[in-house]
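In case you want the letters, here they are:
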Amino acid sequence: MPLVPTSLDTRRCQLLGLVGSAALAAGGVTAGALPVRDALAPESGRAAIGLVGAYFGLVLLVAAWALLGRAVRGPKPPDRRTLLLTLGLWAAPLLLAPPLFSRDVYSYLAQGAMVDAQIDVYTHGPSRLGGPLNDEVAPLWQHTPTPYGPLFLACATVINNLSHTEVSAGVIGMRLVALLGVAGMVFCLPILARHCGADPATAIWLGALNPLVLLHLVGGAHNDAIMLGLLGAGLVAALGRWPVLAVVLVTLAALVKAPAAMGLLAVALLWARQLGSGAPPARTSRVRLTSVRLTSVRLPSVRLPSIRLPSVLTPPVRTSPARRPVRAPRFTAALAVLGISAATTAATTAVTGTGYGWIGALDTPVSPQNWSITSSLGRMTGALLDSAGSGLAQFATPAWHLAGLAATALAILLAWRRHHLRRPVYALGLSLTAVAVLGPAIRPWYVLWGLFLIAAAGPGRSVRRAVAAASAVLALAVLPNGFAPQGPQVALATFGGVLAVLALWCAHRVAQRTASRSDALGSTA
(Lines give C-alpha, C1' and ligand atoms only; values in the text may rest on other atoms or scores of the structure.)
Protein backbone atom coordinates (compact mmCIF):
# COMPACT_ATOMS: atom_id res chain seq x y z
CA MET A 1 0.00 0.00 0.00
CA PRO A 2 1.55 3.36 -0.92
CA LEU A 3 2.34 5.83 1.85
CA VAL A 4 1.23 8.82 -0.23
CA PRO A 5 -2.12 9.53 -1.88
CA THR A 6 -2.36 9.37 -5.62
CA SER A 7 -3.86 12.87 -5.90
CA LEU A 8 -1.49 15.36 -4.36
CA ASP A 9 -2.60 18.72 -3.02
CA THR A 10 0.09 21.37 -3.31
CA ARG A 11 -1.30 23.23 -0.33
CA ARG A 12 -0.88 20.17 1.85
CA CYS A 13 2.71 19.88 0.67
CA GLN A 14 3.25 23.52 1.58
CA LEU A 15 1.76 23.01 5.04
CA LEU A 16 3.71 19.83 5.68
CA GLY A 17 6.97 21.50 4.68
CA LEU A 18 6.18 24.56 6.79
CA VAL A 19 5.58 22.38 9.84
CA GLY A 20 8.82 20.53 9.19
CA SER A 21 10.81 23.72 8.72
CA ALA A 22 9.33 25.24 11.89
CA ALA A 23 10.13 22.10 13.91
CA LEU A 24 13.68 22.14 12.53
CA ALA A 25 14.13 25.79 13.47
CA ALA A 26 12.69 25.21 16.94
CA GLY A 27 15.00 22.26 17.49
CA GLY A 28 17.94 24.31 16.32
CA VAL A 29 17.41 26.78 19.19
CA THR A 30 18.99 24.21 21.53
CA ALA A 31 20.69 21.78 19.12
CA GLY A 32 21.99 24.07 16.35
CA ALA A 33 25.41 25.64 15.82
CA LEU A 34 24.89 28.07 18.68
CA PRO A 35 27.33 30.76 19.83
CA VAL A 36 29.69 29.55 22.52
CA ARG A 37 27.93 31.48 25.27
CA ASP A 38 24.59 29.84 24.41
CA ALA A 39 25.79 26.32 23.56
CA LEU A 40 24.46 23.42 25.62
CA ALA A 41 26.23 20.21 26.45
CA PRO A 42 25.21 17.49 23.96
CA GLU A 43 24.14 15.21 26.81
CA SER A 44 21.81 17.79 28.36
CA GLY A 45 18.08 17.21 28.23
CA ARG A 46 17.27 20.39 26.29
CA ALA A 47 19.89 19.59 23.66
CA ALA A 48 18.51 16.04 23.33
CA ILE A 49 14.94 17.27 22.88
CA GLY A 50 16.11 19.84 20.37
CA LEU A 51 17.96 17.21 18.34
CA VAL A 52 14.91 14.93 18.26
CA GLY A 53 12.71 17.84 17.19
CA ALA A 54 15.19 19.00 14.56
CA TYR A 55 15.35 15.60 12.87
CA PHE A 56 11.58 15.19 13.20
CA GLY A 57 11.15 18.42 11.25
CA LEU A 58 13.92 17.55 8.80
CA VAL A 59 12.24 14.29 7.77
CA LEU A 60 8.90 16.09 7.37
CA LEU A 61 10.56 18.71 5.18
CA VAL A 62 12.20 16.09 2.96
CA ALA A 63 8.88 14.23 2.67
CA ALA A 64 7.06 17.43 1.70
CA TRP A 65 9.68 18.13 -0.95
CA ALA A 66 9.33 14.61 -2.37
CA LEU A 67 5.53 14.91 -2.49
CA LEU A 68 5.80 18.28 -4.19
CA GLY A 69 8.07 16.68 -6.78
CA ARG A 70 5.32 14.21 -7.63
CA ALA A 71 2.92 17.11 -8.02
CA VAL A 72 5.35 18.92 -10.33
CA ARG A 73 5.54 15.82 -12.53
CA GLY A 74 1.76 15.27 -12.39
CA PRO A 75 -0.95 16.25 -14.87
CA LYS A 76 -1.61 19.60 -13.15
CA PRO A 77 1.75 20.87 -11.95
CA PRO A 78 1.93 24.00 -9.78
CA ASP A 79 2.93 27.17 -11.55
CA ARG A 80 6.07 29.19 -10.92
CA ARG A 81 4.35 31.58 -8.53
CA THR A 82 3.16 28.70 -6.36
CA LEU A 83 6.64 27.21 -6.25
CA LEU A 84 8.17 30.54 -5.24
CA LEU A 85 5.54 30.94 -2.53
CA THR A 86 6.41 27.46 -1.29
CA LEU A 87 10.09 28.37 -1.15
CA GLY A 88 9.28 31.46 0.90
CA LEU A 89 7.09 29.50 3.33
CA TRP A 90 9.69 26.81 3.89
CA ALA A 91 12.60 29.22 4.22
CA ALA A 92 10.91 31.71 6.58
CA PRO A 93 11.33 29.72 9.84
CA LEU A 94 14.99 29.02 9.04
CA LEU A 95 15.70 32.75 8.75
CA LEU A 96 14.90 33.14 12.45
CA ALA A 97 16.87 30.09 13.58
CA PRO A 98 20.50 30.06 14.73
CA PRO A 99 23.09 28.77 12.26
CA LEU A 100 22.38 25.15 11.36
CA PHE A 101 24.54 22.20 10.31
CA SER A 102 27.80 24.19 10.23
CA ARG A 103 29.82 26.81 12.11
CA ASP A 104 31.33 28.24 8.92
CA VAL A 105 29.39 31.49 9.25
CA TYR A 106 31.45 32.33 12.34
CA SER A 107 34.62 31.76 10.31
CA TYR A 108 33.31 34.19 7.68
CA LEU A 109 32.81 36.88 10.32
CA ALA A 110 36.25 36.27 11.82
CA GLN A 111 37.88 36.51 8.40
CA GLY A 112 36.08 39.77 7.70
CA ALA A 113 37.32 41.15 11.01
CA MET A 114 40.86 40.03 10.13
CA VAL A 115 40.75 41.92 6.83
CA ASP A 116 39.46 44.98 8.65
CA ALA A 117 42.35 44.64 11.13
CA GLN A 118 44.82 44.31 8.22
CA ILE A 119 45.77 40.74 9.14
CA ASP A 120 46.73 38.57 6.17
CA VAL A 121 43.96 35.97 6.04
CA TYR A 122 45.92 33.92 3.51
CA THR A 123 48.77 33.41 5.97
CA HIS A 124 47.11 33.30 9.39
CA GLY A 125 44.00 31.69 10.81
CA PRO A 126 41.38 33.34 13.06
CA SER A 127 43.52 32.51 16.12
CA ARG A 128 45.73 35.45 15.13
CA LEU A 129 42.71 37.72 15.58
CA GLY A 130 41.73 36.43 19.00
CA GLY A 131 38.72 37.75 20.83
CA PRO A 132 35.11 36.54 20.82
CA LEU A 133 34.92 35.85 17.08
CA ASN A 134 37.85 33.45 17.24
CA ASP A 135 36.13 31.57 20.06
CA GLU A 136 33.15 30.91 17.79
CA VAL A 137 35.26 29.27 15.06
CA ALA A 138 35.52 25.48 15.14
CA PRO A 139 38.86 24.42 16.68
CA LEU A 140 39.93 22.67 13.49
CA TRP A 141 39.87 25.94 11.49
CA GLN A 142 41.20 28.40 14.05
CA HIS A 143 44.74 28.09 12.69
CA THR A 144 43.82 27.61 9.02
CA PRO A 145 44.16 30.36 6.38
CA THR A 146 41.10 31.08 4.28
CA PRO A 147 40.77 29.72 0.71
CA TYR A 148 38.09 32.25 -0.25
CA GLY A 149 38.55 34.90 -2.88
CA PRO A 150 38.75 38.67 -2.46
CA LEU A 151 35.15 39.37 -3.44
CA PHE A 152 33.74 37.30 -0.61
CA LEU A 153 36.24 38.70 1.88
CA ALA A 154 35.07 42.18 0.91
CA CYS A 155 31.46 41.14 1.65
CA ALA A 156 32.48 39.64 4.99
CA THR A 157 34.37 42.81 5.89
CA VAL A 158 31.34 44.98 5.14
CA ILE A 159 29.08 42.74 7.23
CA ASN A 160 31.58 42.79 10.10
CA ASN A 161 31.72 46.59 10.05
CA LEU A 162 27.95 46.97 9.90
CA SER A 163 27.44 44.51 12.78
CA HIS A 164 30.21 46.08 14.91
CA THR A 165 31.60 42.56 15.56
CA GLU A 166 28.32 41.57 17.24
CA VAL A 167 27.94 37.85 16.53
CA SER A 168 24.14 37.66 16.25
CA ALA A 169 23.95 40.72 13.99
CA GLY A 170 26.79 39.38 11.87
CA VAL A 171 25.00 36.05 11.42
CA ILE A 172 21.87 37.88 10.25
CA GLY A 173 23.96 39.92 7.81
CA MET A 174 25.69 36.89 6.34
CA ARG A 175 22.36 35.12 6.02
CA LEU A 176 20.93 38.07 4.09
CA VAL A 177 23.92 37.94 1.73
CA ALA A 178 23.33 34.22 1.22
CA LEU A 179 19.66 34.95 0.51
CA LEU A 180 20.71 37.28 -2.29
CA GLY A 181 22.64 34.38 -3.79
CA VAL A 182 19.63 32.07 -3.46
CA ALA A 183 17.46 34.73 -5.12
CA GLY A 184 19.93 34.81 -8.01
CA MET A 185 19.71 31.04 -8.31
CA VAL A 186 15.90 31.17 -8.36
CA PHE A 187 15.97 33.85 -11.04
CA CYS A 188 18.43 31.96 -13.26
CA LEU A 189 17.02 28.43 -12.99
CA PRO A 190 13.94 28.80 -15.26
CA ILE A 191 15.91 30.83 -17.82
CA LEU A 192 18.66 28.22 -18.00
CA ALA A 193 16.04 25.44 -18.16
CA ARG A 194 14.30 27.04 -21.14
CA HIS A 195 17.60 27.49 -22.98
CA CYS A 196 18.57 23.88 -22.27
CA GLY A 197 15.19 22.36 -23.19
CA ALA A 198 14.21 21.38 -19.63
CA ASP A 199 11.05 22.02 -17.65
CA PRO A 200 11.37 25.27 -15.63
CA ALA A 201 9.08 24.05 -12.84
CA THR A 202 11.11 20.89 -12.36
CA ALA A 203 14.29 22.95 -12.37
CA ILE A 204 12.98 25.19 -9.58
CA TRP A 205 11.81 22.19 -7.57
CA LEU A 206 15.14 20.36 -7.83
CA GLY A 207 17.52 23.32 -7.81
CA ALA A 208 15.88 25.84 -5.45
CA LEU A 209 13.37 23.98 -3.24
CA ASN A 210 15.92 21.24 -2.65
CA PRO A 211 16.39 20.52 1.08
CA LEU A 212 20.14 21.04 0.68
CA VAL A 213 19.48 24.63 -0.43
CA LEU A 214 17.17 25.29 2.51
CA LEU A 215 19.37 23.62 5.11
CA HIS A 216 22.81 24.80 4.08
CA LEU A 217 22.44 27.94 1.98
CA VAL A 218 19.59 29.45 4.03
CA GLY A 219 20.05 27.75 7.40
CA GLY A 220 23.85 27.56 7.23
CA ALA A 221 24.38 30.88 5.35
CA HIS A 222 27.17 29.37 3.25
CA ASN A 223 28.98 31.53 0.71
CA ASP A 224 28.31 28.86 -1.93
CA ALA A 225 24.99 30.69 -2.45
CA ILE A 226 26.81 33.80 -3.67
CA MET A 227 29.05 31.73 -5.92
CA LEU A 228 26.14 29.88 -7.50
CA GLY A 229 24.06 33.03 -7.95
CA LEU A 230 26.88 34.75 -9.84
CA LEU A 231 27.70 31.60 -11.82
CA GLY A 232 24.09 31.19 -12.89
CA ALA A 233 23.86 34.85 -13.89
CA GLY A 234 27.02 34.47 -15.95
CA LEU A 235 25.66 31.47 -17.81
CA VAL A 236 22.39 33.29 -18.47
CA ALA A 237 24.39 36.16 -19.94
CA ALA A 238 26.41 33.76 -22.08
CA LEU A 239 23.29 32.09 -23.45
CA GLY A 240 21.77 35.53 -24.03
CA ARG A 241 24.71 36.58 -26.23
CA TRP A 242 26.35 38.91 -23.72
CA PRO A 243 29.69 37.14 -23.51
CA VAL A 244 31.73 39.96 -21.95
CA LEU A 245 29.26 40.33 -19.08
CA ALA A 246 29.22 36.53 -18.75
CA VAL A 247 32.99 36.37 -18.30
CA VAL A 248 32.91 39.14 -15.70
CA LEU A 249 30.13 37.46 -13.67
CA VAL A 250 31.70 33.99 -13.75
CA THR A 251 35.07 35.46 -12.76
CA LEU A 252 33.41 37.21 -9.83
CA ALA A 253 31.88 33.86 -8.83
CA ALA A 254 35.37 32.33 -8.88
CA LEU A 255 36.58 35.19 -6.69
CA VAL A 256 34.14 33.92 -4.09
CA LYS A 257 35.06 30.23 -4.38
CA ALA A 258 37.53 28.88 -6.90
CA PRO A 259 35.49 25.94 -8.37
CA ALA A 260 33.31 28.43 -10.26
CA ALA A 261 36.28 29.16 -12.54
CA MET A 262 35.29 26.06 -14.51
CA GLY A 263 32.33 28.05 -15.76
CA LEU A 264 34.71 30.06 -17.94
CA LEU A 265 35.08 26.99 -20.16
CA ALA A 266 31.32 26.91 -20.78
CA VAL A 267 31.31 30.63 -21.51
CA ALA A 268 34.20 30.25 -23.97
CA LEU A 269 32.41 27.44 -25.83
CA LEU A 270 29.15 29.39 -26.02
CA TRP A 271 31.03 32.46 -27.23
CA ALA A 272 32.84 30.40 -29.87
CA ARG A 273 29.50 29.00 -31.04
CA GLN A 274 28.19 32.53 -31.48
CA LEU A 275 31.30 33.56 -33.42
CA GLY A 276 30.96 30.54 -35.69
CA SER A 277 27.25 31.02 -36.31
CA GLY A 278 27.70 34.68 -37.19
CA ALA A 279 29.54 33.94 -40.47
CA PRO A 280 27.91 34.81 -43.80
CA PRO A 281 26.58 31.95 -45.93
CA ALA A 282 28.93 30.15 -48.25
CA ARG A 283 29.19 31.29 -51.88
CA THR A 284 28.26 29.02 -54.71
CA SER A 285 30.80 28.03 -57.37
CA ARG A 286 28.64 27.98 -60.47
CA VAL A 287 30.35 28.90 -63.72
CA ARG A 288 28.64 31.96 -65.22
CA LEU A 289 29.30 33.82 -68.48
CA THR A 290 28.50 37.46 -68.03
CA SER A 291 28.36 40.19 -70.62
CA VAL A 292 31.10 39.82 -73.20
CA ARG A 293 31.97 42.64 -75.58
CA LEU A 294 33.04 41.43 -79.07
CA THR A 295 34.03 44.34 -81.23
CA SER A 296 30.84 46.40 -81.17
CA VAL A 297 28.38 43.55 -80.41
CA ARG A 298 27.15 43.06 -76.83
CA LEU A 299 25.88 39.56 -76.05
CA PRO A 300 23.25 39.05 -73.37
CA SER A 301 24.13 37.35 -70.09
CA VAL A 302 23.80 33.58 -70.27
CA ARG A 303 23.74 31.25 -67.22
CA LEU A 304 25.12 27.79 -67.93
CA PRO A 305 24.51 24.70 -65.84
CA SER A 306 27.13 23.66 -63.32
CA ILE A 307 30.03 21.81 -64.96
CA ARG A 308 32.66 19.77 -63.11
CA LEU A 309 36.04 20.81 -64.60
CA PRO A 310 39.40 19.23 -64.10
CA SER A 311 41.29 20.58 -61.15
CA VAL A 312 43.83 22.30 -63.35
CA LEU A 313 41.07 24.26 -65.11
CA THR A 314 39.01 25.07 -62.00
CA PRO A 315 39.68 28.54 -60.62
CA PRO A 316 40.36 28.76 -56.91
CA VAL A 317 37.12 29.09 -54.94
CA ARG A 318 37.13 31.38 -51.94
CA THR A 319 36.21 29.41 -48.84
CA SER A 320 33.49 30.92 -46.73
CA PRO A 321 34.14 31.58 -43.05
CA ALA A 322 31.42 29.06 -42.17
CA ARG A 323 33.51 26.24 -43.65
CA ARG A 324 36.72 27.21 -41.97
CA PRO A 325 37.90 25.00 -39.11
CA VAL A 326 36.14 25.61 -35.82
CA ARG A 327 39.47 26.18 -34.11
CA ALA A 328 39.60 29.84 -35.10
CA PRO A 329 36.41 30.91 -33.21
CA ARG A 330 37.38 28.79 -30.22
CA PHE A 331 40.87 30.25 -30.12
CA THR A 332 39.50 33.77 -30.39
CA ALA A 333 36.90 33.14 -27.68
CA ALA A 334 39.47 31.51 -25.38
CA LEU A 335 41.86 34.47 -25.69
CA ALA A 336 39.03 36.93 -25.06
CA VAL A 337 37.82 34.99 -22.00
CA LEU A 338 41.33 34.81 -20.54
CA GLY A 339 41.92 38.50 -21.09
CA ILE A 340 38.62 39.68 -19.64
CA SER A 341 38.90 37.29 -16.71
CA ALA A 342 42.44 38.44 -15.91
CA ALA A 343 41.37 42.08 -16.06
CA THR A 344 38.38 41.43 -13.80
CA THR A 345 40.55 39.56 -11.31
CA ALA A 346 43.17 42.32 -11.25
CA ALA A 347 40.55 45.06 -10.83
CA THR A 348 38.70 43.24 -8.04
CA THR A 349 41.90 42.41 -6.19
CA ALA A 350 43.10 46.01 -6.47
CA VAL A 351 39.81 47.37 -5.11
CA THR A 352 39.59 44.93 -2.20
CA GLY A 353 43.30 45.13 -1.39
CA THR A 354 43.56 41.53 -0.15
CA GLY A 355 46.20 40.41 -2.63
CA TYR A 356 46.58 37.15 -4.52
CA GLY A 357 47.30 34.93 -1.55
CA TRP A 358 44.07 33.01 -2.11
CA ILE A 359 45.73 31.20 -5.03
CA GLY A 360 48.33 29.67 -2.75
CA ALA A 361 45.78 29.03 0.00
CA LEU A 362 43.64 26.72 -2.16
CA ASP A 363 45.43 23.72 -0.63
CA THR A 364 43.70 24.26 2.70
CA PRO A 365 44.26 21.16 4.84
CA VAL A 366 41.54 18.53 4.85
CA SER A 367 39.93 17.42 8.08
CA PRO A 368 41.35 14.02 9.04
CA GLN A 369 37.83 12.76 9.72
CA ASN A 370 36.34 13.98 6.45
CA TRP A 371 34.03 11.36 4.96
CA SER A 372 34.78 11.94 1.28
CA ILE A 373 35.27 8.83 -0.83
CA THR A 374 39.03 9.21 -1.18
CA SER A 375 39.62 10.18 2.46
CA SER A 376 37.51 7.26 3.71
CA LEU A 377 39.33 4.81 1.45
CA GLY A 378 42.64 6.28 2.59
CA ARG A 379 41.81 5.73 6.26
CA MET A 380 40.62 2.18 5.59
CA THR A 381 43.71 1.34 3.55
CA GLY A 382 45.97 2.91 6.17
CA ALA A 383 44.34 0.87 8.93
CA LEU A 384 44.81 -2.35 6.95
CA LEU A 385 48.45 -1.56 6.23
CA ASP A 386 49.05 -0.61 9.84
CA SER A 387 47.52 -3.85 11.09
CA ALA A 388 49.76 -5.73 8.67
CA GLY A 389 52.80 -4.01 10.10
CA SER A 390 53.62 -2.13 6.90
CA GLY A 391 55.42 1.18 6.99
CA LEU A 392 53.37 2.49 4.06
CA ALA A 393 50.28 3.32 6.11
CA GLN A 394 51.14 7.03 6.20
CA PHE A 395 51.09 7.17 2.40
CA ALA A 396 47.65 5.59 2.00
CA THR A 397 45.54 8.73 2.29
CA PRO A 398 47.78 10.91 0.05
CA ALA A 399 47.82 8.13 -2.54
CA TRP A 400 44.03 7.93 -2.57
CA HIS A 401 43.79 11.71 -2.83
CA LEU A 402 46.02 11.62 -5.91
CA ALA A 403 43.88 8.84 -7.36
CA GLY A 404 40.80 10.96 -6.70
CA LEU A 405 42.33 13.92 -8.51
CA ALA A 406 43.13 11.69 -11.49
CA ALA A 407 39.58 10.31 -11.49
CA THR A 408 38.22 13.87 -11.30
CA ALA A 409 40.29 14.93 -14.30
CA LEU A 410 39.11 11.89 -16.26
CA ALA A 411 35.46 12.52 -15.36
CA ILE A 412 35.74 16.16 -16.42
CA LEU A 413 37.37 15.18 -19.70
CA LEU A 414 34.65 12.65 -20.48
CA ALA A 415 31.86 15.07 -19.56
CA TRP A 416 33.14 17.81 -21.86
CA ARG A 417 34.04 15.41 -24.63
CA ARG A 418 30.49 14.07 -24.74
CA HIS A 419 28.38 17.15 -23.98
CA HIS A 420 30.45 20.22 -24.90
CA LEU A 421 28.70 20.80 -28.24
CA ARG A 422 25.03 20.36 -27.34
CA ARG A 423 24.93 20.72 -23.55
CA PRO A 424 27.82 22.81 -22.19
CA VAL A 425 25.81 23.79 -19.10
CA TYR A 426 25.15 20.13 -18.33
CA ALA A 427 28.82 19.30 -18.90
CA LEU A 428 29.74 22.02 -16.41
CA GLY A 429 27.28 20.58 -13.88
CA LEU A 430 28.77 17.10 -14.23
CA SER A 431 32.29 18.50 -13.89
CA LEU A 432 31.50 20.40 -10.70
CA THR A 433 29.79 17.30 -9.30
CA ALA A 434 32.93 15.28 -10.00
CA VAL A 435 35.07 17.90 -8.24
CA ALA A 436 32.81 17.76 -5.18
CA VAL A 437 32.37 13.98 -4.98
CA LEU A 438 35.86 12.79 -5.92
CA GLY A 439 37.84 15.52 -4.20
CA PRO A 440 39.74 15.07 -0.93
CA ALA A 441 37.00 16.82 1.09
CA ILE A 442 33.25 16.88 0.79
CA ARG A 443 30.41 18.61 2.55
CA PRO A 444 26.72 18.18 1.65
CA TRP A 445 26.51 21.74 0.31
CA TYR A 446 29.42 21.06 -2.09
CA VAL A 447 27.08 18.83 -4.11
CA LEU A 448 24.99 21.92 -4.88
CA TRP A 449 27.75 23.17 -7.20
CA GLY A 450 26.78 20.67 -9.86
CA LEU A 451 23.21 19.96 -8.73
CA PHE A 452 22.20 23.55 -9.45
CA LEU A 453 23.17 23.21 -13.12
CA ILE A 454 22.00 19.62 -13.52
CA ALA A 455 18.56 20.73 -12.30
CA ALA A 456 18.43 23.24 -15.13
CA ALA A 457 20.09 21.23 -17.91
CA GLY A 458 19.72 17.54 -17.05
CA PRO A 459 18.74 15.65 -20.20
CA GLY A 460 16.40 13.05 -18.74
CA ARG A 461 14.12 12.10 -15.88
CA SER A 462 16.46 9.34 -14.68
CA VAL A 463 19.23 11.87 -14.03
CA ARG A 464 16.92 14.07 -11.98
CA ARG A 465 15.63 11.11 -9.99
CA ALA A 466 19.18 10.09 -9.08
CA VAL A 467 20.04 13.64 -8.06
CA ALA A 468 16.85 13.94 -6.00
CA ALA A 469 17.55 10.66 -4.19
CA ALA A 470 21.10 11.72 -3.40
CA SER A 471 19.82 15.07 -2.11
CA ALA A 472 17.37 13.38 0.27
CA VAL A 473 20.12 11.15 1.68
CA LEU A 474 22.66 13.96 2.07
CA ALA A 475 20.09 16.13 3.83
CA LEU A 476 20.20 13.66 6.73
CA ALA A 477 23.99 13.31 6.83
CA VAL A 478 24.98 16.18 9.17
CA LEU A 479 23.89 17.03 12.69
CA PRO A 480 22.42 20.48 13.34
CA ASN A 481 25.35 21.53 15.54
CA GLY A 482 27.85 21.03 12.72
CA PHE A 483 30.13 18.69 14.67
CA ALA A 484 30.99 15.06 13.96
CA PRO A 485 28.19 12.74 15.15
CA GLN A 486 28.57 10.60 18.24
CA GLY A 487 26.71 7.48 19.21
CA PRO A 488 24.05 8.98 21.52
CA GLN A 489 23.39 11.86 19.11
CA VAL A 490 22.93 9.47 16.19
CA ALA A 491 20.42 7.50 18.27
CA LEU A 492 18.47 10.65 19.15
CA ALA A 493 18.46 11.84 15.52
CA THR A 494 17.26 8.41 14.37
CA PHE A 495 14.50 8.47 16.98
CA GLY A 496 13.32 11.86 15.71
CA GLY A 497 13.29 10.58 12.12
CA VAL A 498 11.32 7.48 13.10
CA LEU A 499 8.76 9.64 14.89
CA ALA A 500 8.33 11.67 11.72
CA VAL A 501 7.80 8.55 9.61
CA LEU A 502 5.17 7.30 12.08
CA ALA A 503 3.44 10.68 12.01
CA LEU A 504 3.35 10.60 8.21
CA TRP A 505 1.96 7.07 8.23
CA CYS A 506 -0.76 8.00 10.75
CA ALA A 507 -1.70 11.08 8.74
CA HIS A 508 -1.93 8.95 5.62
CA ARG A 509 -4.20 6.41 7.34
CA VAL A 510 -6.48 9.14 8.67
CA ALA A 511 -6.72 10.75 5.24
CA GLN A 512 -7.45 7.37 3.67
CA ARG A 513 -10.26 6.59 6.11
CA THR A 514 -11.74 10.05 5.67
CA ALA A 515 -11.76 9.60 1.91
CA SER A 516 -13.37 6.16 2.24
CA ARG A 517 -16.16 7.52 4.45
CA SER A 518 -16.76 10.37 2.02
CA ASP A 519 -17.03 7.93 -0.87
CA ALA A 520 -19.40 5.72 1.12
CA LEU A 521 -21.67 8.64 2.02
CA GLY A 522 -21.65 9.80 -1.59
CA SER A 523 -22.67 6.37 -2.87
CA THR A 524 -25.54 6.00 -0.37
CA ALA A 525 -26.81 9.44 -1.19
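Remember, it's a predicted structure, so these values are computed and weren't measured experimentally. (Residues numbered from 1 in each chain as written. Predicted model: local features only at pLDDT ≥ 70, side-chain atom pairs only at ≥ 80, totals over all residues. Heavy atoms only, no water.)

**Q** Just give me the short version of the packing of aromatic side chains, but keep the residues and values in it.
**A** In total, this model carries six aromatic pairs according to the counting rule given. Between Y148 and F152, the ring centres sit 5.4 Å apart and the planes meet at 75°, which makes this aromatic pair edge-to-face. The same class applies to Y148 and to F152, which are both buried. Here W445 and Y446 contribute two aromatic rings whose centre-to-centre distance is 6.1 Å and whose plane-to-plane angle is 90°, an arrangement assigned as edge-to-face. (Phe/Tyr/Trp six-rings, centres within 6.5 Å; stacked < 30°, edge-to-face > 60°. Buried < 20%, exposed > 50% of the residue type's maximum accessible area, 1.4 Å probe, protein only.)

**Q** Explain the nonpolar core to me, using residue names and the numbers behind them.
**A** Core analysis: the largest hydrophobic core is formed by 133 residues, its most contacted members being W90, F152, L231, L235, L428, L448 and L453. With sequence-adjacent residues up to four places away left out, L448 is seen in contact with L212, V213, L217 and L228. (Core = buried A, V, L, I, M, F, W, Y, C linked by side-chain atoms within 4.5 Å. Contact = heavy atoms within 4.5 Å.)

**Q** Quick one: what's the story with the pattern of salt bridges, residue by residue and with numbers?
**A** Following the criterion strictly, the structure yields four salt bridges and no others. Ionic pairing is found between R37 and D38, a salt bridge with its closest N-O pair at 4.0 Å. In this structure D38 comes out as partly exposed when scored by relative accessible area, which is 40%. For the salt bridge of D224 with K257, the shortest nitrogen-to-oxygen distance reads 3.1 Å. Linking D224 in helix α10 (residues 224–239) with K257 in the loop between α11 (243–254) and α12 (263–277), this pair joins segments that are 33 residues apart in sequence. Using a relative accessible area of 9% as the deciding quantity, one classes K257 as buried. (Salt bridge = Lys/Arg side-chain N within 4 Å of Asp/Glu carboxyl O. Helix = DSSP H or I, 4+ residues; strand = E, 2+ residues; numbered from the N terminus.)

**Q** Any details on a positive patch on the surface? Residues and values, ideally.
**A** A surface patch of positive charge is lined by R70, R73, R461 and R465. Residue classification places R465 among the exposed residues on the basis of a relative accessible area of 52%. (Patch = residues over 30% accessible without salt bridge, like charges linked within 9 Å, V, L, I, M, F, W, Y side chains within 5 Å. Areas by Shrake-Rupley, 256 points an atom, 1.4 Å probe, with all protein chains shown as cover. Lys, Arg positive; Asp, Glu negative; His and termini not counted. Charge placed at Lys NZ, Arg CZ, Asp CG, Glu CD.)

**Q** If you had to explain helix α16 (residues 396–419) to someone new, which residues and values would you point to?
**A** Compared with the 34 Å implied by 1.5 Å per residue over 24 residues, the 34 Å span of α16 between its first and last C-alpha is a close match. Where α16 is concerned, the buried positions are A396, H401, G404, T408, I412, A415, W416 and H419. Where α16 is buried, its residues contact α12, α15 (373–387) and α17 (424–438). (Expected span 1.5 Å × (residues − 1).)

**Q** Report on the environment of R175, specifying residues and quantitative values.
**A** Along the polypeptide, R175 turns up in helix α7 (residues 167–196). Taking the C-alpha atoms as reference points, R175 and N223, separated by 48 residues in sequence, lie 9.2 Å from one another. One polar contact links the side chain of R175 to the main-chain carbonyl oxygen of P98, over a distance of 3.4 Å. (Polar contact = N/O pair within 3.5 Å; in protein donor to acceptor, adjacent residues only side chain to side chain.)

**Q** Describe the packing of α7 against helix α9 (residues 211–218), with residues and values.
**A** Interhelical geometry of α7 versus α9 gives an angle of 150° and a closest axis separation of 10 Å. Judged on the interaxial angle alone, α9 and α7 are roughly antiparallel. Residues R175, A178, L179, V182 and M185 of α7 lie in contact with α9, whose contacting residues are V213, L217 and V218. In terms of residue class, the contact of α7 with α9 is made up of seven nonpolar, no polar and one charged. (Axes fitted to C-alpha atoms, helices over the stretch in contact; angles between N-to-C directions. Parallel < 35°, antiparallel > 145°, perpendicular 65-115°, else oblique. Nonpolar A, V, L, I, M, F, W, Y, C, P; charged D, E, K, R; others polar.)

**Q** Could you give an account of the environment of S127, naming the residues involved and the relevant values?
**A** Structurally, S127 is set in the loop between α4 (104–116) and α5 (131–136). On the basis of relative accessibility, which here comes to 30%, the residue S127 falls in the partly exposed class. On a C-alpha basis, the gap between S127 and M114 in space is 10.0 Å, while along the polypeptide they are 13 residues apart.

**Q** Describe the packing of helix α8 (residues 200–207) against helix α19 (residues 461–474), naming the residues involved and giving the relevant values.
**A** Viewed as axis vectors pointing N to C, α8 and α19 meet at an angle of 20°, and their least axial separation amounts to 11 Å. Accordingly, the angle class assigned to the pair α8 and α19 is roughly parallel. Here α8 and α19 pass one another in a crossing that is left-handed. Contacts between α8 and α19 involve T202, W205 and L206 from the first element and R464, V467 and A468 from the second. For the contact of α8 with α19, the per-class residue count stands at four nonpolar, one polar and one charged. (Left-handed = near helix turned anticlockwise from the far one by under 90°.)

**Q** Explain unusual backbone geometry to me, and be specific about the residues and the numbers.
**A** Keep in mind that most residues, glycine aside, have a negative phi and that most peptide bonds are trans. Non-glycine residue F101 carries a positive phi angle of around 70°. Positive phi values are uncommon outside glycine, yet T165 reaches one of about 60°. Mapped onto the elements of the fold, T165 is located in the loop between α6 (150–163) and α7.

**Q** Residue-level account of the side chain of S102, with values.
**A** Here S102 shows up in the loop between α3 (80–95) and α4. Apart from the residues lying within four places of it in its own chain, the contact partners of S102 are A33, H222, W445, P480 and G482.

**Q** So, the confidence of the model for the protein: which residues are in play, and what are the values?
**A** Per-chain confidence: the protein averages 85 in pLDDT, with 86% of residues scoring 70 or above. Every residue in residues 1–7 is under pLDDT 50, and counting partners more than four places away or in other chains gives 11 contacts. (pLDDT = per-residue confidence, 0-100.)

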